[in-house]
Amino acid sequence: MNSIGAIPRPDGASPAMAQWFAIKAEHPDALVFFRMGDFYELFFADAEAAAAALDIALTSRGEHAGAPIPMCGVPVHAAELYLSRLIRRGWRVAVAEQLDDAKAARNPKTPIRRGLVRLITPGTITEEALLDAARPNLLLALASAGETVGVAWLDISTGLFETATTPADALPTLLGRLDPAEILAPAILPLGDWETKRAPEIAAMPPLVARRRLAEAFGVAGLEAFGEFADAEAVAAAIALDYVRATQAGALPRLARPAPQGRTGRMSIDAATRAGLEIARARDGGTRHSLLGAVQRTLTAAGARVLAEWLAGPLTDPAAIADRHDAWSWLLANPQSADTLRTGLRGAPDMARALGRLALGRGAPRDLAAIRDGLAAAERAAAALSPPLPARLAQARAALALDPGLRETLAAALAAELPARLDDGGAIALGFDAELDAERRLRDDSRRVIATLQLDYAQRYGVASLRIRHHAQLGYVIEAPAAAVEKLRANPELVLRQGMASAARFATAELSDLDRRIVEAADRAQARERAVFAGLVSRTLAEAGAVAAAAEAMALLDVAQSAAKLAEGGTWCRPVVTDGPDFQIAAGRHPVVEAALAGSHTFVPNDCDLSPDRRVLLLTGPNMAGKSTYLRQNALMAVLAQAGLPVPATAARIGIVDKLFSRVGAADDLARGRSTFMVEMTETAAILHQAGPRSLVLVDEIGRGTATLDGLAIAWAVLEALHTQIQARTMFATHFHELARLTTELPRLCPHTMRVKEWKREVVFLHEVAPGAAGRSWGVHVARLAGVPALVVKRAAALLALLEQRGAHLTKDAELPLFSHAVVPENAADCDEAATPVAEHAPVIDALTGLKLDEMTPKAALETLYWLQSLLPDRIQAGASHPPPC
Ligand code: ADP
Ligand code: MG
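Each value, and the rule that gives it
- Residues numbered from 1 in each chain as written.
- Chains lettered and ligands numbered in written order.
- Predicted model: local features only at pLDDT ≥ 70, side-chain atom pairs only at ≥ 80, totals over all residues.
- Heavy atoms only, no water.
- Helix = DSSP H or I, 4+ residues; strand = E, 2+ residues; numbered from the N terminus.
- Rg over C-alpha atoms; globule rule 2.2 N^0.38 Å.
- Buried < 20%, exposed > 50% of the residue type's maximum accessible area, 1.4 Å probe, protein only.
- Contact = heavy atoms within 4.5 Å.
- Axes fitted to C-alpha atoms, helices over the stretch in contact; angles between N-to-C directions.
- Parallel < 35°, antiparallel > 145°, perpendicular 65-115°, else oblique.
- Left-handed = near helix turned anticlockwise from the far one by under 90°.
- Lys, Arg positive; Asp, Glu negative; His and termini not counted.
- Salt bridge = Lys/Arg side-chain N within 4 Å of Asp/Glu carboxyl O.
- Phe/Tyr/Trp six-rings, centres within 6.5 Å; stacked < 30°, edge-to-face > 60°.
- Lys NZ or Arg CZ within 6 Å of the ring centre and 35° of its normal.
- Core = buried A, V, L, I, M, F, W, Y, C linked by side-chain atoms within 4.5 Å.
- Near = heavy atom within 4 Å.
- Polar contact = N/O pair within 3.5 Å; in protein donor to acceptor, adjacent residues only side chain to side chain.
- Areas by Shrake-Rupley, 256 points an atom, 1.4 Å probe, with all protein chains shown as cover.
- Nonpolar A, V, L, I, M, F, W, Y, C, P; charged D, E, K, R; others polar.
- Pairing = 2+ DSSP bridges.
- pLDDT = per-residue confidence, 0-100.

### A word on the overall build of the protein
- Counting its regular elements, the protein contains 29 helices and 26 strands.
- Taken over the C-alpha trace, the protein has a radius of gyration of 36 Å; the compact-globule value for 886 residues is 29 Å, which it surpasses by more than 25%.
- Expressed as lengths along the three principal axes of its C-alpha atoms, the size of the protein is roughly 130 × 75 × 60 Å.
- The buried share of the protein, reckoned over its 886 residues, is 49%.
- For the protein, restricting intrachain contacts to residue pairs at least 6 apart in sequence, the fraction spanning at least 24 positions comes to 67%.

Right, here's the structure in full:
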């Protein structure tokens, strides 16, 4: 939430400003858009903040307490654009409209009344321009109850309303899945990374009151009808509802009955895992290089939203998952139906969001048109599906079988060309409403009457150049050139209203009567058009439930055809999802990396088998060989399979994964600016606390953020825990190739390595995963590849040979100190040039090993460097004062 500067005291304000102060006092944390004629004006600190955020001119208007009032404004017709900018930057906006109609506004004596009509906050927007078409826009409320938290989330743009109870420590995972736009939470509840989405607090309420409010809002005697709600869940739901009511100035949007999500299990994916796997968003924040981007073949915005929701929360019930797979598999097997369906979907408007705006009384003519066209598209889509159909498709087809009455009414009622706003006129087609047509005829006839009258006057007074014009203040007048004034003044029925150098304006009783009649006819036509429109809106809302269900069915069909499209090429398959401990992938690929490679070289598919007897896959191999890619592709396989989508493999058999963890080592995480060992260990701790035998755990390069020995020891211990205590399906990529020797102690450990070829002293990555362990760490070769000078590479190779010999007897009961100079190997002398210097460097290496880099200040680091240099033998120190060769 952004903060707004101080506002002066209201004492002595003008009547209009007093209204402003009153509204501002109620919404101190929102920018007040104060309607004045054709503008929304902002004052004082609001104006300063908005002018800066919108890059518009800051001016001033009148005075308050002896100082000019800072002001800026945006034209009403362009307000959406400015609002969208402000909302996107995290501002909240309170909109105060003129409550008196235009006629009263013309009377300068009484001040126009103004009142708040709406509070626009990130979680309560409905306008197309402010919303992201492809994402849900959730308002989420929390109510704490000791160890657990009641959660309710709703999307007023589509009517979704769901609740859940979650252990407090699993809250971040739920927030990660739902990705709410705004959060209502008690002040005592920390939101961590989500703190920026926090809305001003609203008072909690006792559970009984909450239940009663919800029941009232949905017109039922008790909540039991909707399912079982925990107290905290009901409180959260009621808080969300109250907030919506407050922001909509009392109006309540069309919302589905709150649905408790207690029994619909979802795969738990914590925030770090979600981000690391780049499920909905890539590192760069966009969707293009994310999993979502790679699988998206949807044709409508509503379909895109559902697909995003499926990927964000994969299911854990094999039957529900199979239902989804059945749906797209049927379309894959019936390509003609799929094509007909696609024709129906293409260009289908966003009925759910149009309905949301209509329900809030904020609907424009094009929202009704969206319902009309959406219903027509639904009819076409339904025709594509002929039984026998799998369950989900049969349900969708049933939801699409609407009575055509509404669509036909809308088709007859709406004009072919629709105005952007109802008040622009012409939304209702000619011939739909006799009364409207009559008022319009009167209005338009009056115009013809004026033309006739003008001709008549010209002849009657002998002034051919005379015109009848409409004038803002004078109404209809005769306008004639100055030369004709004398001639006209001779007629007593003409009253001179205005004389100018070149022309004069006269009024007549006839004209003012006509003026009144025209204005009235136009007003009546407009009023009638509004009434007809309102009738159409309520006719539509009377069927809101059915329309919403049809919209939902269309979205589901869109996701199903998207999945079928993906599978159509033959390189994606339907996975078998079981309740067992299976995990077998044949020729799997990483869809995003594969797409990124397109052109340069082909992606090498790899199998994966984490069957119970080989549950822990240990992967070694050089940097850049494809370890991380392999780990992630298999995690994505589980996400896709349980989301109910095809997977990029030739075959896959996956036992339900209840929790997915992916821990990416510090070294690989630098891009996110979080290199500290602390973060690595915090995430590892989370895995060790939460993972269980049904989880899938990826550990990628653990222990890099600390000294080698520390790192190796930690990696070893974590591997053991995952293998023996937690018994999760595990994929463990590490540069500690020594760990591969633990197979005797850890029987389910299955070492694999990335195959690498050496060719003309260069490493060639084959990107193939093969059983076995990397013989060595290859870092030296990669260093050569990266262009490290030959002399340094040669020296490193020699040092490596020596170090490897020392560590050779690494077993479980071996002493860990790999570098301790107490363990100088007997054959050290054979190691040619490397031996002596290493022994001499031992104190330095020891010192280096013991450093806690993450806890050091830059100054301490520099001092340590000096100290390390002082530890070197004199022979080398002397050289050290020379600048290093570059
Ligand atoms: P590591 O984790 O072993 O350092 P990465 O998984 O980050 O390696 O992969 C490095 C690069 O290798 C990727 O960016 C990609 O370009 C390429 N790569 C990885 N896996 C494959 C594969 N199976 N087929 C083709 N190229 C791959
Ligand atoms: Mg890696």
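### Describing the packing of helix α12 (residues 335-345) against helix α20 (residues 544-568)
- Closest axis-to-axis distance for the α12/α20 pair is 10 Å, and the angle between their directions is 130°. As judged from the angle between their axes, α12 and α20 are oblique. Note on packing geometry: the crossing formed by α12 with α20 is left-handed. Mapping the contact onto sequence places Leu-341, Arg-342, Gly-344 and Leu-345 in α12 and Met-554, Leu-557, Asp-558, Gln-561, Ala-564, Lys-565 and Glu-568 in α20.

### Digging into the side chain of Glu-278
- Relative to the helices and strands, Glu-278 resides in the loop between α8 (271-276) and α9 (291-295).
- Although Glu-278 lies buried, it forms no salt bridge, and the closest oppositely charged side chain, Arg-283, sits 4.5 Å away as judged by the N-O distance.
- Look past the residues within four positions of Glu-278 in its chain and what remains in contact with it is Arg-283, Ser-290 and Leu-291.

### What to know about the packing of aromatic side chains
- Applying the stated criterion to the full structure yields nine aromatic pairs.
- On the numbers, 5.5 Å between centres and 40° between planes, the contact of Phe-21 with Phe-44 is tilted. Within this pair, whereas Phe-21 is found in helix α1 (residues 15-26), its partner Phe-44 is found in helix α2 (residues 44-54), the two being separated by 23 residues in sequence.
- Three or more aromatic residues joined by ring pairs make a cluster, and in this case those are Trp-20, Phe-21, Phe-34, Phe-43 and Phe-44.
- The ring of Tyr-40 has Arg-35 lying over it, and the distance from NZ or CZ to the ring centre is 5.7 Å.
- The residue whose ring lies beneath Arg-324 is Trp-310, and the NZ or CZ to ring-centre distance is 3.9 Å.

### Thoughts on the nonpolar core
- Among the nonpolar cores identified, the biggest contains 105 residues, and Leu-311, Leu-331, Ile-371, Leu-400, Leu-645 and Leu-660 are the most heavily contacted of them.
- The biggest single contributor to this core is α20, with 15 residues.
- Every residue in contact with Leu-331, bar those within four places of it in the chain, is listed here: Ala-338, Leu-341, Leu-385, Leu-393, Ala-560, Gln-561 and Ala-564.
- By size, the runner-up hydrophobic cluster in this structure holds 29 residues, among which are Ala-141, Leu-223, Tyr-243 and Leu-360.

### Some points on the site of ligand 1
- For ligand 1, the set of nearby residues contains 15 residues, the closest of which are Val-604, Met-624, Lys-627, Ser-628 and Thr-629.
- Met-624 has a polar backbone atom sitting 2.6 Å from an oxygen atom of ligand 1.
- At a separation of 2.7 Å, an oxygen atom of ligand 1 approaches a polar side-chain atom of Ser-628.
- The fraction of the free accessible surface of ligand 1 (560 Å²) that becomes covered by protein chains is 82%.
- At the level of elements, α21 (591-597) and α22 (627-643) are the ones that each hand at least two residues to the shell around ligand 1.
- Counting residues per element, the shell around ligand 1 draws most heavily on α22, which supplies three residues.
- Here the shell around ligand 1 is composed, by residue class, of seven nonpolar, seven polar and one charged.

### Brief notes about the packing of helix α23 (residues 677-690) against helix α24 (residues 708-726)
- Between α23 and α24, whose axes approach to 11 Å, the crossing angle comes to 10°. For the element pair α23 / α24, the angle class is roughly parallel. Judged by the twist between their axes, the crossing of α23 over α24 is left-handed. Along its contact with α23, which presents Phe-677, Met-681, Thr-684, Ile-687 and Leu-688, the element α24 presents Ile-714, Val-718, Ala-721, Leu-722 and Ile-726.
- Looking at the contact of α23 with α24 residue by residue, the classes come out as nine nonpolar, one polar and no charged.

### Digging into the pairing of strand β5 (residues 93-98)
- Taken across its six residues, β5 has five buried, putting it largely inside the fold.
- The sheet contact formed by strand β1 (residues 31-36) and β5 spans four bridges and is parallel. Bridged to Val-32 within β5 is Ala-94.
- When β5 meets strand β6 (residues 114-120), the two strands line up antiparallel, connected through six bridges. Bridged to Ala-96 within β6 is Leu-116.

### Re the sheet that holds strand β14 (residues 475-481)
- Strands sit in the order β13-β14-β16-β15 across an open sheet of four strands; the sheet is antiparallel. Across the chains shown, the open sheet's two edge strands, defined by having one partner strand only, are β13 (467-471) and β15 (495-499). Averaged over all neighbouring strand pairs, the angle between strand axes comes to 40°, with direction disregarded.
- Here β15 runs beside strand β16 (residues 503-507); their pairing, made up of four bridges, is antiparallel. Counted as the bridge partner of Gly-499 is Ala-504 from β16.
- Each of β13, β14 and β16 touches helix α19 (residues 509-542); the most contacted strand, β14, lies at about 135° to it.

### Section: α2
- Along α2, nine of the eleven residues are buried, which leaves the element largely enclosed by surrounding structure.
- Among all positions of α2, only Phe-44, Ala-45, Asp-46, Ala-47, Ala-49, Ala-50, Ala-51, Ala-53 and Leu-54 are buried.
- Check the buried side of α2 and you find it contacts α1, β1, β2 (39-43), β3 (59-64), β4 (67-75) and α3 (79-88).
- Asp-55 lies just past α2 and shows a positive phi near 60°.

### Here we look at the pairing of strand β21 (residues 651-655)
- The pairing of strand β17 (residues 576-578) with β21 spans three bridges and is classified as parallel. Residue pairing in the sheet places Val-576 in a bridge with Arg-653 of β21.
- In terms of strand pairing, strand β18 (residues 583-588) meets β21 through four bridges, oriented antiparallel. Bridging from a neighbouring strand, Gln-584 pairs with Arg-653 of β21.

### Regarding the side chain of Arg-372
- With respect to the element layout, Arg-372 can be found in helix α14 (residues 365-383).
- Polar contacts involving the side chain of Arg-372 include one to the side chain of Asp-373, which spans 2.8 Å.
- Ignoring anything within four residues of it in the chain, the contact list for Arg-372 reads Arg-407, Leu-410, Ala-411, Leu-414 and Ala-415.

### A look at the sheet that holds β21
- Pairing is mixed across the open sheet formed by four strands, whose spatial order is β17-β21-β18-β19. The open sheet has two edge strands, β17 and β19 (606-609), and neither has a second partner. Each strand axis lies, on average, 15° off the axis of its neighbour in the sheet, ignoring direction.
- Judged from the three bridges that link them, β18 and β19 form a sheet pairing that is antiparallel. Counted as the bridge partner of Ile-585 is Cys-608 from β19.
- Strands β17, β18, β19 and β21 of the sheet are contacted by α22, whose axis makes an angle of about 110° with β18.

### Some words on the confidence of the model for the protein
- Scored by pLDDT, the protein has a mean of 86; 90% of the residues are at 70 or more.
- pLDDT under 50 marks residues 808-837. Its contacts with residues more than four places away, or in other chains, come to 44 contacts.
- In this model, residues 877-886 is a region of pLDDT below 50 whose contacts with residues beyond four sequence positions or in other chains number five contacts.

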